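Structural features, examined
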Amino acid sequence: MVRNNIAGVDNLCWNLMRNAAGGDISSSNIALIEYLLDLYQDHRKWLERFPWLIASVVYSFLRFIEDHSSLIPLRNREVVFTISLLRDRFTDCLVIGRDLIRLLQNVSRIQEFETLWKDLLYNPQSLSPSLTNGIIQILETRTSRRFLQSRLTPDMERKLVFFTSSVRFGHHKRYQEWFQNKYLNTPEAQSLRSDLIRFIVGLIHPTNELLCSDIIPRWAVIGWLITTCTSNIALANAKMALFYDWVCYDPKHDNIMNIEPAILVMLNSLRIHPTVTASLLDFLCRIIPNFYPAQSERIRNGIFVSLRQILDKRVLASLVPLFTNPRIDGELRAMIQNTFREFCDPPAVQGDPIKNDDIMDNLLISLKDELISENDDISFSDEESETSPKKNIILENNSVPAIKTTPLKLKLKEKSVLPLDLDKEALQTLTKELRLETETLYFEKDNERKCEAMEKIVQLIVQDDDIYPEMIAALGSCISCLLKNQIEEKIFPSVLNDDALEDSIGKPIFVMFRSLTQFAEEDSRRLQLFSLLAEMRTHQTRIGYLLLYYLQVSSLINNNSNRKINGIKSHVYKEFCETQEVELNECLLSDLQLCQEDDTSMFCWLIPAVYDQFSKIVVGNEDFLHLVVSTIDGSQIQEIICLILQGKLSMFRPDAVPSLASSSLDWETMEQYFFWQLVSAHDIDIKVILSNITKLDYNNHPETLTSILLMLKKEKPTLELLKPILCREIKPLNDQFVISVISSWYLEHGDNVANLVSQLLISRCPVVSPTKRKRGQGQGLGSRGGVAPPSAERILGHMERIRSRGTCPVLFRAEGMQKALQIAQAACTDTQRMLFSNLFQLLEEDETHTPTTNRNSTSGKRGRKAAPTFGNSNKKNAKSVIKDLSESSEDSSEEEEVIKPRQTKKRRKINAVVSESD
């Protein structure tokens, strides 16, 4: 298949490679790996056509090399092959992400890889010009799930997914033992634990429902894999696999679910396996200075960001119980507190000291419950000393309450801290009053107060003449950062009604949008707000579609002045795009694409309004239409079609359908079917759609041909429809399009279809002597505008296909078809008669069914007997038919060419003679 470039064999190779298990040096597994190596080496040029497959091969063979330390000849071959791919195609390998570095570390002591490491550390651009930031650039790239999945066999994956989704906690031991005996019972299988941990961390992300159930959690499975590890090297690699997403964690690109298992393994192992917790904490402390000494500060920052994300997302309410637990050795606890000082400061508890571990644990649990409660009483105080970062927890009673009493009522006071990613210099650029209101947007908990602060900011911008462009830029940066959580959270309501929609735009960011709509169009003060919004969009690209959303919601709420509001709506967004110096269509498409990625429900809700307000841009536009059909589901296409049928939505014009249909050929199957449903809803003339019918391939364009086939079935057959259909190529042999159309029409419309086909066939047959026919053949009757009619030979070819299929035998017994076939046979060359001999034999087969008299026959025999066949006498009869047709015309000298459309009188005479002759 590789030698013959069979389509899809690259996916087959990837799946075959998955069955080459890691940690397995059995003869069958080694034979498969050797076979794959030979395949890739022998067909290197083929392999290099698929960059994603190159990356997968490098990822897999780096793992194989680690396992084959005892198989020197095979390992040497693998090393040479992998090194050549890395050096020649390193740019393709960058898509692997940070796990490429992890695997390269595991084989770094092999000489060839030592040399590669030197280039990677000191001259990275020699490997890839795009590798400008060296190793850090790779570490900051999250590994695709496809690579993590590739190192587990399909059977392993099924078992592990079942284990983590269906096995109850407490009933898991026998499943663990079975998995251990099946896959982890050899010394070589120790390295497989890292692959399993990376798979669990990166691919198994349980739903909230599963997290709240009694199914065994991920941290328990990972803890079992670590505690049963017997090799020190494999254990270190397993820990590295667990923490690998921490080292350069970025909340914008990484997932909290990738760092959650590690912290939960450490927390939940404290009671039963405190040595596991201590081992992992020690490892976490040591990788900061030792993982990449030259970039230790960047590694430290990644781990600290991970810990802050754990707290922000409420995975844990506090790290104090973990980092300061007395079950941890004192020396290690000191190292932890020195490394993670900002996370280790315990709360100062007023009252008697607590020494009992169980009471302390329950106190921390109560504290955690109180912190995540919706009714917690938390306040921030600026009066606290700036030098003290500690939190003061004040107990209302001086004594520790009983464990079974209600949770403690805590009052938390801490110094207000601005976000770390806030540009402090930009904040200082603002005036004192602007800075105060801007900070209020972040520190204030009451939403109404935040909205008031935003209104004040708007007033200061439009009223203060001292606001200069640099200050607008600084303000946009600060607001985007401080309102980041509000901008990124889900805004579109799950239940749609006026109250829910109005509540959804009750946030500070929408206050600014509202101010824009309240200013008159000619008011120059709006320009400052547009400039601010444009600056905010450079930091928060969601601003664009949120503006669209607000304008649409406000127009619905103010339905009493709907027309006026709609005018303002499109004008406001257009001016917003002009301020950014971006074309309206580009800006609109970009905003809708982002909306589609963030919230498909909001996107689908906005579509009718966008097509109404920006019809000149989006109606008939391929990019916008593809964005719609690639997003919607069954219920959403139903809603859109309902709006189209009600006359409230139009998505394309008839003249745009042919080009859209051609563009849709490259879309996914469901996208094409949705497109054709929209075409049907718009009631497009089928003649417009058929303009491209000859360009459609039966094997490559099944979605489009199926949709057109169903539309044609509902149409009444006419010559205008039949011409383009019969113009289609007769090949490939499995093409049933023409057969299906004509058969379905004949079943419903009967002889009308036969008459149309025969009329078209007769019109395309030249009526000249055999010597002149060759010159005139192929010109045909011509066209009265529109699609050119098919040649007689092509029509006969389709009829032969219908005959051979036996789908519509009665069609050929129709009187009109018999006439047409008789004329066609007379007009054919000897070669064509031989080609369609089976078709013309239907004339003889039907002789007994049509007892008419051939008045032009010299033999006086009955009707069809005189029809021309393939003998010498048949040639004479064919000539006589042609002669009769020629003599009936007014000017026989003009019959050298095919009859033209303008010769209507002559055509009627010819048809009369043909009828009489028959």
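Structural data are supplied above this passage.
Below: a short report on this structure.

A few points about the overall build of the chain
- Counting its secondary structure elements, the chain contains 52 helices and four strands.
- Once local pairs closer than 6 in sequence are excluded, the contacts in the chain between residues at least 24 apart make up 72%.

Here we look at helix H8 (residues 111-122)
- Under the 1.5 Å per step criterion, the end-to-end length of H8 is 17 Å for twelve residues, consistent within 8% with the ideal 16 Å.
- Along H8, the residues that are buried comprise Phe 113, Leu 116, Trp 117 and Leu 120. Around the axis of H8, the buried residues are gathered within 105° of arc, so they sit on the same side. For H8, exposure combined with an orientation more than 90 degrees from the buried face picks out Gln 111, Lys 118 and Tyr 122.

What to know about the packing of helix H37 (residues 622-629) against helix H40 (residues 669-681)
- It is the contact of H37 with H40, at a shortest axis distance of 9 Å, that shows an interaxial angle of 110°. With respect to H40, the element H37 is oriented roughly perpendicular. H37 and H40 meet at a crossing whose hand is right-handed. Listed contacts from H40 to Leu 625, His 626 and Val 629 of H37 are Glu 671, Phe 674, Phe 675 and Leu 678.
- The residue inventory of the contact of H37 with H40, partitioned by class, reads five nonpolar, one polar and one charged.

Digging into the environment of Trp 605
- Secondary-structure assignment places Trp 605 in helix H35 (residues 600-613).
- The class of Trp 605 is buried, set by a relative accessible area of 16%.
- Taking C-alpha positions, Trp 605 is 9.7 Å from Gln 552, a pair spaced 53 residues apart along the chain.
- Among residues more than four places away in sequence, those in contact with Trp 605 are Phe 492, Leu 496, Leu 501, Tyr 549, Gln 552, Val 553 and Leu 556.

Structural notes on the packing of aromatic side chains
- Tallied over the entire structure, the rule returns 32 aromatic pairs.
- When the centroid spacing of 6.3 Å and the interplanar angle of 90° are considered together, the rings of Phe 163 and Trp 224 count as edge-to-face. With a gap of 61 residues between them, Phe 163 in helix H11 (residues 154-166) and Trp 224 in helix H15 (residues 218-227) connect regions that are remote in the sequence.
- Classification of Trp 224 as buried rests on a relative accessible area of 10%.
- When the ring of Phe 513 is compared with that of Tyr 550, the centres are 6.1 Å apart and the planes differ by 50°; the resulting orientation is tilted. Taken as a pair, Phe 513 in helix H30 (residues 508-518) and Tyr 550 in helix H32 (residues 543-557) lie far apart in primary sequence, 37 residues in all. Across the pair, Tyr 550 and Phe 513 agree in class, each one buried.
- Ring-pair connections join several aromatic residues into one group, and the members of that group are Phe 162, Phe 163, Tyr 175, Trp 178, Phe 179, Tyr 183 and Trp 224.
- The ring of Trp 14 has Arg 146 sitting right over it, with the charged end atom 4.3 Å from the ring centre.
- Lying over the aromatic face of Phe 304, Arg 300 brings its terminal NZ or CZ to 4.0 Å of the ring centre.

Comments concerning the environment of Ser 296
- Looking at where Ser 296 falls in the secondary structure, it is placed in helix H19 (residues 296-312).
- Residues Ser 296 and Val 247, 49 residues apart in the sequence, show an inter-C-alpha distance of 9.6 Å.
- In contact with Ser 296, not counting residues within four places along its chain, are Ile 288 and Pro 289.

Some points on empty space enclosed by the protein
- Applying the stated criterion across every chain, the model contains seven cavities of 30 Å³ or more.
- Space inside the second largest cavity adds up to approximately 50 Å³.
- As for the second largest cavity, its lining consists of Glu 729, Ile 730, Asp 735, Val 738, Ile 739, His 798 and Arg 801.
- Mapped onto the lining of the second largest cavity, the elements with two or more residues apiece are helix H44 (737-749) and helix H47 (792-805).
- Taken together, the residues of the lining of the second largest cavity break down into three nonpolar, one polar and three charged.

Thoughts on helix H4 (residues 51-67)
- Taking 1.5 Å per residue, 17 residues should reach 24 Å; H4 reaches 25 Å between its end C-alpha atoms and fits that length.
- When you tally the buried positions in H4, you get 14 out of 17 residues, the bulk of the element.

Examining the state of the cysteines
- For the structure on display, the rule yields zero disulfides.
- Unpaired in this structure, Cys 587 has its nearest cysteine sulfur neighbour in Cys 577, at a distance of 3.3 Å.
- Cys 595 takes part in no disulfide bond, and the closest cysteine sulfur to it belongs to Cys 604, at a distance of 8.7 Å.
- Cys 595 sits in the buried class, given a relative accessible area of 0%.

What about the nonpolar core?
- Of all hydrophobic cores here, the largest spans 150 residues; its most connected members are Tyr 573 and Met 799.
- Residue contributions to this core peak at nine residues, all from H32.
- Filtering out sequence-adjacent residues up to four positions away, Tyr 573 remains in contact with Gly 544, Leu 547, Leu 548, Leu 551, Leu 584, Cys 587, Leu 588, Asp 591 and Phe 614.
- Among the nonpolar cores identified, the runner-up in size contains 127 residues, and Tyr 40, Ile 136, Leu 264 and Phe 323 belong to it.

Side note on the pattern of salt bridges
- Applying the stated criterion across every chain, the model contains 36 salt bridges.
- Put simply, Asp 245 and Arg 98 hold a salt bridge, and the shortest N to O gap is 2.8 Å. Placement of Asp 245 in the loop between helix H16 (232-243) and helix H17 (256-268) and of Arg 98 in the loop between helix H6 (90-93) and helix H7 (99-106) is noted, with a sequence separation of 147 residues between them. Comparing Asp 245 with Arg 98 shows no difference in burial state: the two are buried.
- One salt bridge connects Glu 437 with Arg 449, and the closest N-O pair in it is separated by 3.9 Å.

Observations regarding the packing of helix H18 (residues 274-290) against helix H21 (residues 330-339)
- With their axes 10 Å apart at the nearest point, H18 and H21 run at an angle of 45° to one another. Relative to H21, the element H18 lies oblique. Helix-helix and strand crossings are classified by hand; for H18 and H21 the assignment is left-handed. On H21, the residues touching Ala 278, Leu 281, Asp 282, Cys 285, Arg 286 and Ile 288 of H18 are Leu 332, Met 335, Ile 336 and Thr 339.
- A class-by-class count of the residues in the contact of H18 with H21 yields seven nonpolar, one polar and two charged.

Thoughts on the environment of Val 618
- Inspection of the secondary structure assignment puts Val 618 in helix H36 (residues 615-618).
- Taking C-alpha positions, Val 618 is 10.0 Å from Ser 650, a pair spaced 32 residues apart along the chain.
- Each residue touching Val 618, except ones within four places of it in the same chain, is listed here: Leu 588, Val 610, Tyr 611, Phe 624 and Met 651.

Here's the deal with a nonpolar patch on the surface
- Judged by side-chain polarity, Met 1, Ile 6 and Leu 12 come together as a nonpolar surface patch covering roughly 290 Å² of accessible area.
- Following the sequence through the fold, Met 1 ends up in the segment before helix H1 (9-18).
- By relative accessible area, Met 1 is classed as exposed at 56%.

About the cut-offs
Residues numbered from 1 in each chain as written. Predicted model: local features only at pLDDT ≥ 70, side-chain atom pairs only at ≥ 80, totals over all residues. Heavy atoms only, no water. Helix = DSSP H or I, 4+ residues; strand = E, 2+ residues; numbered from the N terminus. Contact = heavy atoms within 4.5 Å. Expected span 1.5 Å × (residues − 1). Buried < 20%, exposed > 50% of the residue type's maximum accessible area, 1.4 Å probe, protein only. Arc of directions from axis to C-beta. Axes fitted to C-alpha atoms, helices over the stretch in contact; angles between N-to-C directions. Parallel < 35°, antiparallel > 145°, perpendicular 65-115°, else oblique. Left-handed = near helix turned anticlockwise from the far one by under 90°. Nonpolar A, V, L, I, M, F, W, Y, C, P; charged D, E, K, R; others polar. Phe/Tyr/Trp six-rings, centres within 6.5 Å; stacked < 30°, edge-to-face > 60°. Lys NZ or Arg CZ within 6 Å of the ring centre and 35° of its normal. 1 Å grid on protein atoms, 1.4 Å probe; cavity = no way out; pocket = protein on both sides within 12 Å on 5 of 7 lines; lining within 4 Å. Points joined across faces, edges and corners; volume = space filled by probe spheres on them. Disulfide = S-S within 2.5 Å. Core = buried A, V, L, I, M, F, W, Y, C linked by side-chain atoms within 4.5 Å. Salt bridge = Lys/Arg side-chain N within 4 Å of Asp/Glu carboxyl O. Patch = residues over 30% accessible without salt bridge, like charges linked within 9 Å, V, L, I, M, F, W, Y side chains within 5 Å. Areas by Shrake-Rupley, 256 points an atom, 1.4 Å probe, with all protein chains shown as cover.

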